[in-house]
Amino acid sequence: MDLTDRSNSIHAADHSVSMDLNDLRYQLIRLEDTIIFSLIERAQFKQNKLVYTPNGIPLPDFKASFLDWVVQETEVIHAKVRRYQSPDEYAFTANLPEPILPPLTYPRFLHPNDINVNDKIKDYYVERIIPAICEEGDDVNYGSAATIDIQCLQALSRRIHYGKYVAEVKYRSDPEKMNELIRARDVAGLDAAITNAAVEKQVLERLGRKARAYGRDPVELNNDTTGAPARVDVDTVVSMYRDWVIPLTKEVEVDYLLRRLDNA
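Please read all numbers here as calculations on a predicted model, not as lab measurements.

So, how was this worked out
Residues numbered from 1 in each chain as written. Predicted model: local features only at pLDDT ≥ 70, side-chain atom pairs only at ≥ 80, totals over all residues. Heavy atoms only, no water. Salt bridge = Lys/Arg side-chain N within 4 Å of Asp/Glu carboxyl O. Helix = DSSP H or I, 4+ residues; strand = E, 2+ residues; numbered from the N terminus. Buried < 20%, exposed > 50% of the residue type's maximum accessible area, 1.4 Å probe, protein only. Patch = residues over 30% accessible without salt bridge, like charges linked within 9 Å, V, L, I, M, F, W, Y side chains within 5 Å. Areas by Shrake-Rupley, 256 points an atom, 1.4 Å probe, with all protein chains shown as cover.

## Topic: the pattern of salt bridges
- Taken as a whole and judged by the stated rule, the model has 17 salt bridges.
- In this structure, glutamate 89 engages arginine 158 in a salt bridge whose closest nitrogen and oxygen atoms are separated by 3.8 Å. Taken together, the residues glutamate 89 in the loop between helix H2 (66-80) and helix H3 (118-133) and arginine 158 in helix H4 (residues 142-161) connect sequence positions 69 residues apart. Of the two residues examined, glutamate 89 and arginine 158, each falls in the buried class.
- The salt bridge involving arginine 259 is made with aspartate 114; its shortest N-O contact spans 2.6 Å. In this pair, arginine 259 is assigned in the segment after helix H10 (234-258) and aspartate 114 in the loop between H2 and H3, connecting sequence segments 145 residues apart.
- Relative accessible area serves as the criterion here: at 63%, aspartate 114 is assigned to the exposed category.
- Each of Glu32, Asp33, Arg206 and Lys210 takes part in one network of salt bridges that share partners.

Below is the structure:
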């Protein structure tokens, strides 16, 4: 993460990285925008359930869903140009090719780990988010829908896996307490140590305001009598974060901390 201009992810050029929670919150707030706009884009198409049904759209030598195929083919290209060499990017596809570009040296901030919850992210997205934001039915815009699905999935993956960085910052702020909880395998204690209810409340309030603003034309925001429908349901966005994004992020944080002393 480039914390000099606070505008990007982790940069290979920065070999010494120090982070605090304010830096991380800035990145997470930016990802909120990406996620909301991606959901708005996906909501313009119908659910198109064939996209998510194994063999629903027949493909040569491929028995999974059309979305799985599009994700795999997209990530093959991204892997070749080094996307998944960056420590804050996580692929949904296994056994990707090596990059065709020479490797970069990234700053090491996290303790080595192999935590990846992308399977949970994709399952929830397909089973819960798509039905909540998209009109039921089929408009045959399969390619467009799947392309936007990838944007949504990648943004959600980055947001949730950023929990590792939050956990590392909190660990470094009080290593003695954290070590005690880790050695005791005190999951409840770790969860309490990483939880800031006031910040979570602020996140949900901010999300509601953003979803309300981004999902309407600016003219409509100043004229509530127009009756124009929002482009994305505000309650759906807020509940998605409250009931899934935040809990899964905390699950990643706790899992990371439980492994923090491994091979230390």
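## Here's the deal with unusual backbone geometry
- Positive phi, normally seen in glycine, also occurs at aspartate 61, with a value near 60°.
- Topologically, aspartate 61 is positioned in the loop between helix H1 (21-43) and H2.
- You can call aspartate 61 exposed: its relative accessible area is 81%.
- For arginine 185, which is not glycine, the phi dihedral falls at a positive 55°.
- Within the fold, arginine 185 resides in the loop between helix H6 (175-183) and helix H7 (187-194).
- For arginine 185, a relative accessible area of 48% gives the class partly exposed.

## As for a nonpolar patch on the surface
- The grouping of Val81, Ile100 and Leu101 at the surface amounts to a nonpolar patch, some 280 Å² of accessible area in total.
- With respect to the element layout, valine 81 can be found in the loop between H2 and H3.
- Among the residues examined, valine 81 registers a relative accessible area of 45% and is labelled partly exposed.

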